[in-house]
Structures are given as C-alpha cells and as structure tokens.
Amino acid sequence: MGSFRKWAWGLGIASATAVTAFSVASWQANAAPDPGKPGVTADQPKVSDPQAGPEPAAGVGADALTGDEVSRARTIALTAELKAGATDVTGKGGPEYLTAQIAEDGDRRADVYFYDYRNDRLVKQVVDLKSGKLAASYAAAGMQMPASEQELSTAFDLLLADPAAAEFKSAYRKATGKDFAGKGTVKVTAHVFKARHADAGAAQCGKHRCLQLVVESSDNTFIDINQFIVDLSGRKIARLS
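Here's a quick rundown of the structure. These numbers come from a predicted model, not from an experiment. (Residues numbered from 1 in each chain as written. Predicted model: local features only at pLDDT ≥ 70, side-chain atom pairs only at ≥ 80, totals over all residues. Heavy atoms only, no water.)

1. Concerning the overall build of the protein
The line we're drawing: Secondary structure elements are taken from DSSP: a helix is a run of H or I of four residues or more, a strand is a run of E of two residues or more, and numbering for both begins at the N terminus. Three exposure classes are used, based on accessible area relative to the maximum for each residue type with a 1.4 Å probe and protein chains only: buried under 20%, partly exposed in between, and exposed over 50%. Working rule for contacts: check all heavy atoms of both residues, and any pair within 4.5 Å makes them a contact. Exposure was quantified through the Shrake-Rupley algorithm and a 1.4 Å probe, taking into account, for residues, occlusion by the shown protein chains and nothing else.
Looking only at helices and strands, the protein features 4 helices and 9 strands. When the helices and strands of the protein are read in sequence order from the N terminus, they spell out α-α-β-β-β-β-α-α-β-β-β-β-β. With 241 residues in all, the protein has 36% of them scored as buried. Once local pairs closer than 6 in sequence are excluded, the contacts in the protein between residues at least 24 apart make up 54%. In the form shown here, the protein has an accessible surface area of approximately 15,100 Å², with 52% of it arising from carbon and sulfur atoms.

Structure representation (structure tokens):
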C-alpha cells in the first residue's frame, strides 16, 4: 500500500487534536427537601437552538478559510495564463483543482493548489484575500497532494475500462459474495502512489500522477486490489510486480 508523504513548500502543515476532559459532579448526602416545606422543583432543561449561525464571509487571523473565501481564492488563483497552459485530469483546459488552505503567516492569504496534467506539475497560487490579488505563484514536478473527487472518479473509470476490471470484479465477488453492480455500490478513496526502485510496473509514478485505489463495498467490505496502480497522467493501469 502506498503512503502519503509529508511535504512542505516553505510552509509546514500542522495538525492538532483537541482533547476534552469531562468531570462528574457528586450529589451531597442528605440532600432531600425538608418535608415541612414545599417540594423542590428541578430546573427545567434548557434547549439550545440546534441551528448553527450563518458562516461569516471572511475569517480572522489564522482562522480556516470560509466557503466564500475559498470561492474567491479559486477564482483569483485561476488566472488566464494558468487556465490556457494547463489541463485537468479529464484533459479539459485548465488545471485540476485540489485544495485551498489558509497560509500560515496569519495575514489572510490562501494557498490554492492545482495539478497541471499537461506539464505534470503541482501548482501553488498564493492569494491575498485582503487585496483580492495573486501574491505569488509556484510550480514544481514530482510533488503530490491528495486526490480530488474528480481524480478518484476518473481513476476508477480507467480501472473499469481496463482488462484489469475482470480481476477487480472477481475480487469483489470473492470479498462480498455478490456480483459488482456498478460505481454507485462502492466508496472509492486512494493513496497517491510514488514508485520505489522495485516497482518496475509503475516506474513513472512520482513523475506522473498515480493513485492506488481503496475500494469499499456498501456493506463496509474492502476489496483487495493493491496490485493495481492507476497512472492518471498516462491514463493507464500499471501492475505492481
């Protein structure tokens, strides 16, 4: 199974897990109401409004990007030059959008990432959300980020259109006891795959954009197809030897 590699482009990406501690209050002994006095009525439970408030149009400082900010950042990042010089995973004009993240300088800048399939390179566009302008642009080959939904769908389509589909369907039947009934019956995720020296069948992966699919049936059964690597750049299926 391939693995994600942690990488940085002059900016580290940190993650943290919040841990919440709970305490249980103890009842005091002999807390019953005095029988000579009126009974004590418990406080009525308070119900908070389950509806979350509207998302703000813009965050503050190092806050995560809001939906509006992501939309604005993508629009600004996709310049006419980038759109004309790149293609997405389906071959259409314009790069494949991957993700947008708040930059770590705390100045409301967005790092917007695309993959350019025409030139096999990762593109990072830095957008200044305050000025509404592109602040910087970078591109590099051999760098990878997690796959987009369109890449996952395209990769699975390529697998199903390949002779390797027969092996996938056999593995599906063996794992689930049922015949494969179409894309709508499975959940597909993936690892970005980079070839090692021993991976002769997928030697271009790393230079090319490649995925190792993880397929799960509707009854939560995983289908073992680790031997197949989808080369999205070359639009073919490679087999690990």
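After that view, the rundown keeps rolling.
2. Considerations on the state of the cysteines
Quick reminder of the rule: In plain terms, two cysteine sulfur atoms within 2.5 Å form what is called a disulfide here.
Per the stated rule, a full pass over the model turns up 1 disulfide. For C205, the disulfide goes to C210, at an S-S distance of 2.2 Å. Between C205 and C210 the sulfur-sulfur dihedral comes to about -85 degrees; the bridge is accordingly left-handed. The class for C205 is buried, based on a relative accessible area of 4%.

3. A word on helix α4 (residues 165-176)
What counts, and what does not: For a helix, the expected span equals 1.5 Å multiplied by the residue count minus one. In this description, one arc is meant: the one made by directions from the helix axis to the C-beta atoms.
Compared with an ideal rise of 1.5 Å per residue, which puts 12 residues at 16 Å, α4 spans 16 Å between its outermost C-alpha atoms and is within 8% of the ideal. All buried positions along α4 are accounted for by A165, F168, Y172 and T176. Seen from one end, α4 has its buried residues packed into an arc of 55 degrees, which puts them on one side. Facing away from the buried side of α4, by more than 90 degrees, are the exposed residues A166 and K174. Next to the buried residues of α4 lie α3 (149-161), β5 (186-192), β6 (210-217) and β7 (222-223). Immediately beyond the C-terminal end of α4, within one or two residues, lies G177, with a positive phi of roughly 80 degrees.

4. As for the environment of K236
Mapping K236 onto the fold places it in strand β9 (residues 236-239). Take K236: its relative accessible area is 48%, and that puts it in the partly exposed class. In this structure the C-alpha to C-alpha distance between K236 and L159, which are 77 residues apart in sequence, comes to 8.1 Å. The residues touching K236, leaving out its near neighbours within four places in the chain, are I229, V230 and D231.

5. What to know about the packing of aromatic side chains
Stated precisely, the cut-off is as follows: Centres within 6.5 Å make a pair out of two Phe, Tyr or Trp rings, where for Trp the six-membered ring is used; the pair is then stacked when the planes are under 30 degrees apart, edge-to-face when over 60, and tilted otherwise. Placement of a positive charge over a ring is assigned whenever Lys NZ or Arg CZ falls within 6 Å of the ring centre and within 35 degrees of the normal to the ring plane.
A full pass over the atoms with the stated rule returns 7 aromatic pairs. Ring geometry for Y115 against Y117: centres 4.9 Å apart, planes inclined by 65 degrees, an arrangement best described as edge-to-face. Where F156 meets F168, the ring centres are 5.6 Å apart and the plane angle is 90 degrees; that geometry is what we call edge-to-face. You can see F156 sitting in helix α3 and its partner F168 sitting in helix α4, a full 12 residues away along the chain. Taken together, the aromatic side chains of F156, F168, Y172 and F180 make up a single cluster linked through ring pairs. Just above the ring of Y97 sits the side chain of R74; from NZ or CZ to the centre is 3.6 Å.

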